Amino acid sequence: MKIYMSGKLVGEEQATVSVFDHGLLYGDGVFEGIRAYNGRVFKLEEHTDRLYRSAKAIDLKISMSKEEMNAAVVKTCLANGVLNGYIRLVVTRGVGTLGLNPETCKEPQVIIIAGGIQLYPQELYDKGLAVITVGTLRNHTEAINPRIKSLNYLNNILAKIEAMNAGCMECIMLNPQGFVAEASGDNVFVINGTTLRTPPSWCGALEGITRATVMDLAPHYGYTVKEEVLTRYDLYTADEVFLTGTAAEIISVVKMDRRAIGSGKPGPIAKRLEQVFREYAASTGTPIT
Ligand code: PMP
(Lines give C-alpha, C1' and ligand atoms only; values in the text may rest on other atoms or scores of the structure.)
Protein backbone atom coordinates (compact mmCIF):
# COMPACT_ATOMS: atom_id res chain seq x y z
CA MET A 1 0.00 0.00 0.00
CA LYS A 2 1.20 3.50 -0.84
CA ILE A 3 0.53 6.23 1.69
CA TYR A 4 0.57 9.94 0.91
CA MET A 5 2.73 11.76 3.44
CA SER A 6 3.37 15.47 3.05
CA GLY A 7 3.76 15.60 -0.69
CA LYS A 8 5.04 12.09 -1.45
CA LEU A 9 3.66 8.61 -1.89
CA VAL A 10 5.68 6.25 0.29
CA GLY A 11 5.55 2.57 1.21
CA GLU A 12 3.82 1.48 4.42
CA GLU A 13 7.15 0.98 6.22
CA GLN A 14 8.22 4.56 5.53
CA ALA A 15 4.82 5.96 6.46
CA THR A 16 5.73 6.71 10.06
CA VAL A 17 4.99 9.63 12.34
CA SER A 18 7.41 11.24 14.79
CA VAL A 19 6.83 10.66 18.50
CA PHE A 20 7.05 14.45 18.78
CA ASP A 21 4.10 15.04 16.45
CA HIS A 22 1.43 16.90 18.40
CA GLY A 23 -1.18 14.80 16.62
CA LEU A 24 0.15 11.86 18.63
CA LEU A 25 1.08 13.73 21.80
CA TYR A 26 -2.12 15.74 22.13
CA GLY A 27 -4.63 14.63 19.49
CA ASP A 28 -3.86 18.00 17.93
CA GLY A 29 -5.08 17.75 14.36
CA VAL A 30 -8.10 17.12 12.14
CA PHE A 31 -9.29 14.35 9.86
CA GLU A 32 -11.85 13.12 7.34
CA GLY A 33 -13.25 9.73 6.43
CA ILE A 34 -14.29 9.59 2.77
CA ARG A 35 -15.71 6.87 0.51
CA ALA A 36 -14.99 5.90 -3.06
CA TYR A 37 -17.75 4.19 -5.03
CA ASN A 38 -17.41 2.91 -8.60
CA GLY A 39 -14.23 4.81 -9.37
CA ARG A 40 -15.41 8.13 -7.93
CA VAL A 41 -14.69 9.89 -4.66
CA PHE A 42 -18.01 10.66 -2.99
CA LYS A 43 -18.55 14.31 -1.98
CA LEU A 44 -14.82 15.05 -2.08
CA GLU A 45 -15.22 18.82 -2.09
CA GLU A 46 -17.65 18.72 0.83
CA HIS A 47 -15.15 16.65 2.83
CA THR A 48 -12.27 18.96 1.96
CA ASP A 49 -14.36 21.99 2.89
CA ARG A 50 -15.15 20.43 6.27
CA LEU A 51 -11.48 19.51 6.78
CA TYR A 52 -10.40 23.09 6.16
CA ARG A 53 -13.19 24.40 8.43
CA SER A 54 -12.07 22.02 11.19
CA ALA A 55 -8.46 23.15 10.68
CA LYS A 56 -9.46 26.80 10.79
CA ALA A 57 -11.43 26.21 13.99
CA ILE A 58 -8.30 24.84 15.72
CA ASP A 59 -6.11 27.57 14.16
CA LEU A 60 -4.16 25.10 12.04
CA LYS A 61 -2.99 26.35 8.67
CA ILE A 62 -2.84 23.62 6.04
CA SER A 63 0.02 24.33 3.67
CA MET A 64 -1.81 23.02 0.58
CA SER A 65 -4.76 24.49 -1.28
CA LYS A 66 -8.08 22.60 -1.33
CA GLU A 67 -7.48 21.85 -5.02
CA GLU A 68 -4.08 20.35 -4.24
CA MET A 69 -5.64 18.32 -1.43
CA ASN A 70 -8.37 16.98 -3.73
CA ALA A 71 -5.75 16.06 -6.34
CA ALA A 72 -3.66 14.30 -3.66
CA VAL A 73 -6.68 12.23 -2.59
CA VAL A 74 -7.36 11.13 -6.18
CA LYS A 75 -3.64 10.40 -6.72
CA THR A 76 -3.52 8.20 -3.60
CA CYS A 77 -6.59 6.24 -4.73
CA LEU A 78 -5.04 5.74 -8.17
CA ALA A 79 -1.68 4.64 -6.73
CA ASN A 80 -3.46 1.96 -4.73
CA GLY A 81 -6.01 0.93 -7.34
CA VAL A 82 -8.79 1.95 -4.94
CA LEU A 83 -12.01 2.41 -6.91
CA ASN A 84 -14.30 1.31 -4.08
CA GLY A 85 -13.02 1.91 -0.61
CA TYR A 86 -12.40 4.19 2.30
CA ILE A 87 -10.03 7.14 2.40
CA ARG A 88 -8.61 8.55 5.60
CA LEU A 89 -7.32 12.08 5.38
CA VAL A 90 -5.36 13.27 8.41
CA VAL A 91 -3.69 16.60 9.11
CA THR A 92 -1.66 16.79 12.31
CA ARG A 93 -0.17 19.90 13.89
CA GLY A 94 3.24 18.35 13.09
CA VAL A 95 6.48 17.89 14.99
CA GLY A 96 7.02 20.17 17.97
CA THR A 97 8.44 20.11 21.48
CA LEU A 98 6.97 18.16 24.39
CA GLY A 99 5.06 21.20 25.61
CA LEU A 100 1.54 22.13 24.51
CA ASN A 101 2.60 25.22 22.59
CA PRO A 102 1.39 24.68 19.00
CA GLU A 103 3.76 27.39 17.77
CA THR A 104 6.65 24.95 18.23
CA CYS A 105 5.14 22.87 15.41
CA LYS A 106 6.53 24.33 12.22
CA GLU A 107 4.93 22.16 9.53
CA PRO A 108 1.58 20.36 9.57
CA GLN A 109 1.74 16.74 8.45
CA VAL A 110 -0.74 15.65 5.75
CA ILE A 111 -1.45 11.92 5.56
CA ILE A 112 -3.77 10.17 3.11
CA ILE A 113 -4.55 6.46 3.35
CA ALA A 114 -6.75 4.80 0.72
CA GLY A 115 -7.81 1.32 1.65
CA GLY A 116 -10.67 -1.07 2.26
CA ILE A 117 -13.80 -0.39 4.21
CA GLN A 118 -15.08 -2.15 7.26
CA LEU A 119 -18.86 -1.92 7.15
CA TYR A 120 -21.29 -3.25 9.68
CA PRO A 121 -22.21 -6.83 8.70
CA GLN A 122 -25.20 -7.08 6.32
CA GLU A 123 -27.18 -8.74 9.11
CA LEU A 124 -27.24 -5.46 11.03
CA TYR A 125 -28.73 -3.63 8.03
CA ASP A 126 -31.37 -6.36 7.74
CA LYS A 127 -32.21 -6.55 11.44
CA GLY A 128 -31.28 -3.06 12.62
CA LEU A 129 -29.05 -1.83 15.43
CA ALA A 130 -29.63 -1.78 19.17
CA VAL A 131 -28.27 1.32 20.90
CA ILE A 132 -28.18 2.70 24.42
CA THR A 133 -27.99 6.22 25.77
CA VAL A 134 -24.60 6.64 27.39
CA GLY A 135 -23.59 8.72 30.40
CA THR A 136 -20.65 10.27 28.56
CA LEU A 137 -21.95 13.60 27.28
CA ARG A 138 -21.03 15.01 23.89
CA ASN A 139 -18.46 17.78 24.31
CA HIS A 140 -19.81 21.18 25.23
CA THR A 141 -19.80 23.41 22.15
CA GLU A 142 -17.40 25.77 23.93
CA ALA A 143 -15.00 22.92 24.76
CA ILE A 144 -13.98 21.01 21.61
CA ASN A 145 -16.93 21.92 19.42
CA PRO A 146 -18.37 18.68 17.98
CA ARG A 147 -18.53 20.42 14.59
CA ILE A 148 -14.73 20.05 14.53
CA LYS A 149 -13.67 16.64 13.25
CA SER A 150 -10.55 16.67 15.40
CA LEU A 151 -8.07 13.91 16.09
CA ASN A 152 -9.16 14.06 19.70
CA TYR A 153 -11.93 11.45 19.66
CA LEU A 154 -11.61 10.35 23.27
CA ASN A 155 -15.07 11.70 24.08
CA ASN A 156 -16.55 9.43 21.40
CA ILE A 157 -14.34 6.49 22.37
CA LEU A 158 -15.47 6.67 26.01
CA ALA A 159 -19.06 6.63 24.75
CA LYS A 160 -18.29 3.66 22.50
CA ILE A 161 -16.75 1.75 25.42
CA GLU A 162 -19.92 2.30 27.45
CA ALA A 163 -22.03 1.07 24.54
CA MET A 164 -19.88 -2.01 23.92
CA ASN A 165 -19.90 -2.87 27.64
CA ALA A 166 -23.68 -2.83 27.42
CA GLY A 167 -23.58 -5.14 24.37
CA CYS A 168 -24.36 -2.42 21.79
CA MET A 169 -22.33 -1.39 18.76
CA GLU A 170 -23.49 2.23 18.90
CA CYS A 171 -24.97 4.69 21.33
CA ILE A 172 -26.92 7.91 21.58
CA MET A 173 -24.99 10.77 23.14
CA LEU A 174 -26.73 13.71 24.79
CA ASN A 175 -25.29 17.19 25.07
CA PRO A 176 -24.70 18.95 28.40
CA GLN A 177 -28.28 20.36 28.22
CA GLY A 178 -29.72 16.86 27.92
CA PHE A 179 -30.68 17.17 24.25
CA VAL A 180 -29.88 14.44 21.76
CA ALA A 181 -26.60 15.19 19.94
CA GLU A 182 -25.59 12.20 17.80
CA ALA A 183 -24.13 8.69 17.96
CA SER A 184 -20.43 8.08 18.73
CA GLY A 185 -19.56 8.04 15.02
CA ASP A 186 -22.80 8.79 13.19
CA ASN A 187 -25.62 11.33 13.03
CA VAL A 188 -29.14 10.46 14.11
CA PHE A 189 -32.55 10.98 12.48
CA VAL A 190 -36.06 10.25 13.74
CA ILE A 191 -39.08 9.67 11.50
CA ASN A 192 -42.73 10.35 12.37
CA GLY A 193 -45.18 9.96 9.51
CA THR A 194 -43.34 11.39 6.52
CA THR A 195 -41.28 13.89 8.53
CA LEU A 196 -37.59 13.37 9.23
CA ARG A 197 -35.96 15.27 12.08
CA THR A 198 -32.30 15.53 13.07
CA PRO A 199 -30.63 17.67 15.74
CA PRO A 200 -29.06 20.96 14.57
CA SER A 201 -25.26 21.05 14.80
CA TRP A 202 -25.39 23.47 17.74
CA CYS A 203 -26.87 20.63 19.80
CA GLY A 204 -23.48 18.89 19.54
CA ALA A 205 -23.60 17.14 16.18
CA LEU A 206 -20.98 16.94 13.48
CA GLU A 207 -22.29 18.39 10.20
CA GLY A 208 -22.22 14.96 8.60
CA ILE A 209 -21.82 14.69 4.85
CA THR A 210 -24.17 11.70 4.80
CA ARG A 211 -26.65 13.67 6.94
CA ALA A 212 -26.53 16.55 4.44
CA THR A 213 -27.00 14.09 1.55
CA VAL A 214 -30.09 12.60 3.21
CA MET A 215 -31.44 16.10 3.83
CA ASP A 216 -30.96 16.91 0.12
CA LEU A 217 -32.39 13.65 -1.21
CA ALA A 218 -35.37 13.05 1.10
CA PRO A 219 -37.61 15.93 -0.16
CA HIS A 220 -37.42 14.44 -3.70
CA TYR A 221 -39.12 11.33 -2.33
CA GLY A 222 -41.95 13.14 -0.56
CA TYR A 223 -40.41 13.48 2.88
CA THR A 224 -40.12 16.66 4.92
CA VAL A 225 -36.80 17.25 6.69
CA LYS A 226 -36.36 19.45 9.75
CA GLU A 227 -33.43 20.29 12.00
CA GLU A 228 -34.97 20.29 15.46
CA VAL A 229 -33.92 20.02 19.09
CA LEU A 230 -34.67 16.45 20.14
CA THR A 231 -34.88 14.70 23.47
CA ARG A 232 -34.93 10.98 24.17
CA TYR A 233 -38.73 11.23 24.18
CA ASP A 234 -38.57 11.87 20.44
CA LEU A 235 -36.54 8.72 19.83
CA TYR A 236 -38.65 6.51 22.11
CA THR A 237 -41.84 7.68 20.37
CA ALA A 238 -40.54 7.75 16.78
CA ASP A 239 -41.93 5.47 14.07
CA GLU A 240 -38.36 4.91 12.91
CA VAL A 241 -34.84 5.96 13.91
CA PHE A 242 -31.76 5.70 11.74
CA LEU A 243 -28.10 6.67 11.81
CA THR A 244 -26.04 8.18 8.99
CA GLY A 245 -22.30 8.17 8.41
CA THR A 246 -19.68 7.70 5.74
CA ALA A 247 -18.82 4.16 6.83
CA ALA A 248 -22.31 3.06 7.94
CA GLU A 249 -24.22 4.93 5.19
CA ILE A 250 -27.82 4.59 6.50
CA ILE A 251 -28.66 2.04 9.17
CA SER A 252 -31.89 1.56 11.13
CA VAL A 253 -32.00 1.64 14.90
CA VAL A 254 -34.60 -0.81 16.18
CA LYS A 255 -33.93 -0.76 19.89
CA MET A 256 -32.88 1.96 22.30
CA ASP A 257 -32.27 1.48 26.00
CA ARG A 258 -33.76 -2.01 25.53
CA ARG A 259 -37.04 -0.59 24.25
CA ALA A 260 -38.33 -1.32 20.76
CA ILE A 261 -38.37 1.66 18.42
CA GLY A 262 -41.54 1.65 16.30
CA SER A 263 -42.27 -1.92 15.23
CA GLY A 264 -38.89 -3.14 16.52
CA LYS A 265 -37.85 -3.84 12.92
CA PRO A 266 -36.16 -1.62 10.30
CA GLY A 267 -38.91 0.66 9.01
CA PRO A 268 -39.93 1.20 5.38
CA ILE A 269 -38.77 4.81 5.08
CA ALA A 270 -35.25 4.20 6.44
CA LYS A 271 -34.99 1.14 4.18
CA ARG A 272 -36.08 3.17 1.16
CA LEU A 273 -33.59 5.92 1.98
CA GLU A 274 -30.86 3.29 2.42
CA GLN A 275 -31.54 2.19 -1.16
CA VAL A 276 -31.88 5.73 -2.52
CA PHE A 277 -28.59 6.70 -0.89
CA ARG A 278 -26.74 3.70 -2.31
CA GLU A 279 -27.99 4.38 -5.82
CA TYR A 280 -27.11 8.06 -5.56
CA ALA A 281 -23.63 7.36 -4.12
CA ALA A 282 -22.91 4.92 -6.93
CA SER A 283 -23.69 7.55 -9.56
CA THR A 284 -21.87 10.67 -8.44
CA GLY A 285 -18.46 11.91 -7.32
CA THR A 286 -15.01 13.04 -8.43
CA PRO A 287 -13.59 10.60 -10.99
CA ILE A 288 -10.48 8.67 -9.94
CA THR A 289 -8.50 9.23 -13.14
N1 PMP B 1 -20.73 12.16 13.90
C2 PMP B 1 -19.48 11.79 14.23
C3 PMP B 1 -19.02 12.00 15.63
C4 PMP B 1 -18.64 11.21 13.27
O5 PMP B 1 -17.40 10.85 13.59
C6 PMP B 1 -19.12 11.02 11.95
C7 PMP B 1 -18.23 10.44 10.88
N8 PMP B 1 -17.94 9.10 11.10
C9 PMP B 1 -20.43 11.39 11.67
C10 PMP B 1 -21.21 11.98 12.67
C11 PMP B 1 -21.02 11.20 10.29
O12 PMP B 1 -20.44 12.12 9.39
P13 PMP B 1 -20.23 11.77 7.86
O14 PMP B 1 -21.56 11.46 7.30
O15 PMP B 1 -19.63 13.00 7.28
O16 PMP B 1 -19.31 10.60 7.80
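Please read all numbers here as calculations on a predicted model, not as lab measurements.

S.K.: Would you mind showing me how to read the site of the ligand here?
M.R.: Around the ligand sit 17 residues, and of these Tyr153, Glu182, Ile209, Thr210 and Thr246 come closest. With respect to the ligand, the side chain of arginine 50 contributes an N or O atom lying 2.8 Å from an oxygen atom. Glycine 185 has a polar backbone atom sitting 2.9 Å from a nitrogen atom of the ligand. Considered on its own, the ligand offers 400 Å² of accessible surface; in the complex 92% of this is hidden by protein.

S.K.: Hey, could you run me through the environment of glycine 267 in this one?
M.R.: When you line up the elements, glycine 267 lands in the loop between strand E15 (259–260) and helix H8 (268–281). A relative accessible area of 8% places glycine 267 in the buried class. In this structure, glycine 267 is in contact with Glu240 and Ser252, ignoring residues within four places of it in sequence.

S.K.: What exactly am I supposed to notice about the nonpolar core here?
M.R.: Grouped together as the largest cluster of nonpolar side chains are 27 residues, with contacts concentrated most on Val41, Ile62, Met69, Ile87 and Val110. Considering each element in turn, this core owes the most residues, five residues, to helix H3 (residues 66–79). Valine 41 has contacts with Ile34, Arg35, Ala36, Val73, Val74, Cys77, Ile87, Gly285, Thr286 and Ile288, leaving out every residue within four places of it along the chain. Counting residues in each nonpolar core, the second largest holds 21 residues, with Tyr120, Leu124, Ile172 and Ala248 among its members.

S.K.: When you look at the sheet that holds strand E16 (residues 286–287) in this model, what are you seeing that I'm missing?
M.R.: Consider a sheet: its strands pair through backbone hydrogen bonds, and that pairing is either parallel or antiparallel. The strand order across the open sheet built from seven strands is E2-E1-E6-E5-E3-E4-E16, with neighbouring strands paired in antiparallel fashion. Edge positions in the open sheet fall to strand E2 (8–11) and E16, since each of these has one partner strand only. Here H3 sits on the sheet and contacts strand E1 (2–5), E2, strand E4 (40–41), strand E5 (85–92), strand E6 (109–115) and E16; the angle it forms with E6, its principal contact strand, is near 40°.

S.K.: Help me understand the domain arrangement of the protein in this model?
M.R.: Frequently, the measure chosen for interface size is the accessible area that the parts lose on association. According to the domain assignment, the protein consists of domain 1 (2–115) and domain 2 (122–281). The gap between the C-alpha centroids of domain 1 and domain 2 is 26 Å. Counting residues at the interface gives 25 residues for domain 1, matched by 18 residues for domain 2. Roughly 1,700 Å² of surface becomes buried between domain 1 and domain 2 when both sides are summed, with 62% attributable to carbon and sulfur atoms. Of all residues in domain 1, Phe31, Phe42 and Arg50 give up the largest surface area on contact with domain 2, accounting jointly for 35% of the area buried on that side. Linking domain 1 to domain 2 there are two salt bridges. For arginine 53, the salt bridge goes to glutamate 207, with nearest N and O atoms at 3.9 Å. Joining domain 1 to domain 2, the criterion identifies ten residue pairs in polar contact (both at pLDDT 80 or more).

Criteria and cut-off values
- Here the residue numbers are simple positions, counted from 1 along each chain's written sequence.
- In view of the model being predicted, local features appear only for residues whose pLDDT reaches at least 70, and side-chain atom pairs are presented and counted only at 80 or more, with totals across whole chains, interfaces and linings using the full set of residues.
- To get the side-chain values, take all heavy atoms of the structure and skip hydrogens and water.
- We call a residue near a molecule or strand whenever a single non-hydrogen atom of that residue lies within 4 Å of it.
- For this analysis, a polar contact is any N or O atom pair within 3.5 Å, provided that within protein one partner can donate a hydrogen and the other can accept it, and provided that sequence-adjacent residues contribute only side-chain to side-chain pairs.
- The accessible surface values rely on the Shrake-Rupley method and a 1.4 Å probe; as for residues, cover is taken only from the protein chains in view.
- In this text, helices come from DSSP runs of H or I with a minimum length of four residues, and strands from runs of E with a minimum of two, each type numbered from the N-terminal end.
- Burial status follows relative accessibility: with a 1.4 Å probe on protein chains alone, a residue under 20% of its type maximum counts as buried, one over 50% as exposed, and anything between as partly exposed.
- It only takes one pair of heavy atoms within 4.5 Å for two residues to be counted as in contact.
- As used here, the term nonpolar core means buried Ala, Val, Leu, Ile, Met, Phe, Trp, Tyr and Cys residues forming a set that is joined through side-chain atoms within 4.5 Å.
- Any two strands with at least two DSSP-identified bridges between them are counted as paired.
- To define axes, lines are fitted to C-alpha atoms, for helices over the stretch in contact only, and angles between the resulting N-to-C directions are given on a 0 to 180 degree scale.
- Note that the domain bounds were set by an automatic or database domain assignment.
- Joining two parts hides part of their accessible area as seen by a 1.4 Å probe, and the buried area is that hidden amount summed over both.
- The working definition used for a salt bridge is a side-chain nitrogen of Lys or Arg within 4 Å of a carboxyl oxygen of Asp or Glu.

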